[in-house]
Amino acid sequence: MRYARHVPAGFQTRPPRSRVLELGVEIFFNRRKKMRNMAKTLAGSAAIILTGVSLARAETIDIVVPFSAGGGTDMVARVFSPGFGKELGATAVIRNLAGASGSIGAGEVAKARPDGATLGYLPIGTVVIQPVLADTSYQVSDLTPICQTTATPMFLMVAKDTPWNSVDDVVEAGKNKRLIYGSSGPGTIVHLAMAAFAQDAGINALHLPFAGTGPAMNAMAGGEIQLFADTSTVLEGNDLKPLAIFAKSRSPEYPDVPTMDELGYPDLNFAVWQGVFGPKGLPADDVAKFSTACEKAVATETFKDFLQKSNTTLSYMDSETFSQFVEESQKSTKKLLVNIGLAQ
């Protein structure tokens, strides 16, 4: 005879096997639902974190200057950057990366992620000359032109005690004897301007490079060189005589100095220009936004006053115009470098 099992109060008997299976399935799906909810929560948290990183990146913009602090390019960039950052609602931070004639800094810009967090404030030599002269890590096509900020024209200059008072005087002298012109180094914009002039004027001229403008000016004072090309800063700082300006229009500061264009040399346009660049692939919306901010930054009284005091010429170009200009400048520069034997 089987007796019923006594179950103490407060306890339950083991459920039937079917109920056990049912409970197991229920527990399994409950756990799966909890894991799914947890995954959604983690995904949401990740999105918040990523958004935070993006916002943080947008609040600070690195502007790479490819030369040491205190140089000409650096000084202009430091006066330009606060207004630029203000228009973007960000802080523009100058980062100096000097070396290899500016190629190290420009290469850093070229390889940066195209997210607008890293831009470059670059001059003509770094952008269109060095990639032709040297085996740089970048080409012009690896950079996105955003805006031009300045373009200071160059002058053909001679010592004040020279008998030459015009370009025609120089050309006549250069056809009768060999003239010597100096530069601040092979392949610099100074060298290119003088080489192009000698070529177009058909004069017999020899290039004598120096390790910078200072030594070249000493050579000019000593009669070692007879011709030089540079900006008005060098002209005024060394009490030289300007014979022509390498530009399409006359300088307001030197209204009596004719342009090379007026004198029959329409292709001789040389200026020390600077501008803002980004890496290749920078979104069009970002380019437009940066270009607009650039236009407003160069229009500030602080920036204009600095340029006036430093004999630097304001010359804004938007991204589209500047892109065309850089492309044309790169082609003409390469052609000239090949013609004077510095490139193939």
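Details of the structure are given in the entry above.
The rules we used
- Residues numbered from 1 in each chain as written.
- Predicted model: local features only at pLDDT ≥ 70, side-chain atom pairs only at ≥ 80, totals over all residues.
- Heavy atoms only, no water.
- Buried < 20%, exposed > 50% of the residue type's maximum accessible area, 1.4 Å probe, protein only.
- Helix = DSSP H or I, 4+ residues; strand = E, 2+ residues; numbered from the N terminus.
- Pairing = 2+ DSSP bridges.
- Axes fitted to C-alpha atoms, helices over the stretch in contact; angles between N-to-C directions.
- Contact = heavy atoms within 4.5 Å.
- Salt bridge = Lys/Arg side-chain N within 4 Å of Asp/Glu carboxyl O.

Visitor: What am I meant to see in the pairing of strand S9 (residues 240-245) here?
Guide: It is a general feature of regular strands that their side chains alternate between the two faces of the sheet. Most of S9 sits inside the fold, with five of its six residues counted as buried. Here five bridges tie strand S5 (residues 155-159) to S9, and the two strands are oriented antiparallel to one another. When the bridges of S9 are listed, Ala159 appears paired with Leu240.

Visitor: Hey, could you run me through the sheet that holds strand S3 (residues 118-123) in this one?
Guide: Sheets are built from strands paired through backbone hydrogen bonds, the pairs being either parallel or antiparallel. Taking strand neighbours across the sheet as the criterion, the six strands line up as S2-S1-S3-S10-S4-S11 in an open arrangement whose pairing is mixed. Unpaired on one side and paired on the other, strand S2 (91-96) and strand S11 (314-317) mark the two borders of the sheet. Going across the sheet, the axis of each strand differs from the next one's by a mean of 25 degrees, ignoring polarity. Bridge count between strand S1 (residues 60-65) and S3: three bridges; the pairing is parallel. Following the sheet pairing, Asp62 is matched in S3 by Thr118. Relative to S2, helix H2 (residues 72-88) is tilted by about 160 degrees, and along the sheet it contacts S1, S2, S3, strand S4 (143-153) and strand S10 (271-279). Relative to the sheet, helix H3 (residues 103-110) contacts S1, S2, S3, S4 and S10, its axis offset from that of S10 by approximately 35 degrees.

Visitor: What should I look at first to understand H3 in this one?
Guide: For the α-helix, the turn length of 3.6 residues means that residues three or four positions removed from each other point alike. When you tally the buried positions in H3, you get six out of eight residues, the bulk of the element. Those residues of H3 that sit buried are Ser103, Gly105, Ala106, Gly107, Val109 and Ala110. Residues of H3 that are buried in the fold lie against S1, S3, helix H4 (124-133), S4 and S10.

Visitor: What is the right way to look at the pattern of salt bridges in this model?
Guide: One side chain can pair with another of opposite charge once the charged atoms of both are near each other. Enumeration according to the criterion identifies 11 salt bridges in this entry. In this structure, the salt-bridge partner of Arg250 is Glu262, at a minimum N-O distance of 2.7 Å. Residue Arg250 is found in the loop between S9 and S10, and its partner Glu262 is found in the loop between S9 and S10; the two are separated by 12 residues along the sequence. Take Arg250: its relative accessible area is 37%, and that puts it in the partly exposed class. As a salt-bridge pair, Lys331 and Glu327 come within 3.5 Å of each other at their nearest N and O atoms. Separated by four residues within a single helix, Lys331 and Glu327 lie in helix H11 (residues 319-339), roughly one turn from each other. Overall, the relative accessible area of 51% leaves Lys331 in the exposed class. On the basis of relative accessible area, Glu327 is assigned to the partly exposed category, the value being 47%. Ionic contacts of the salt-bridge type, sharing partners, join the residues Asp62, Arg95, Glu108 and Lys111 into one network.

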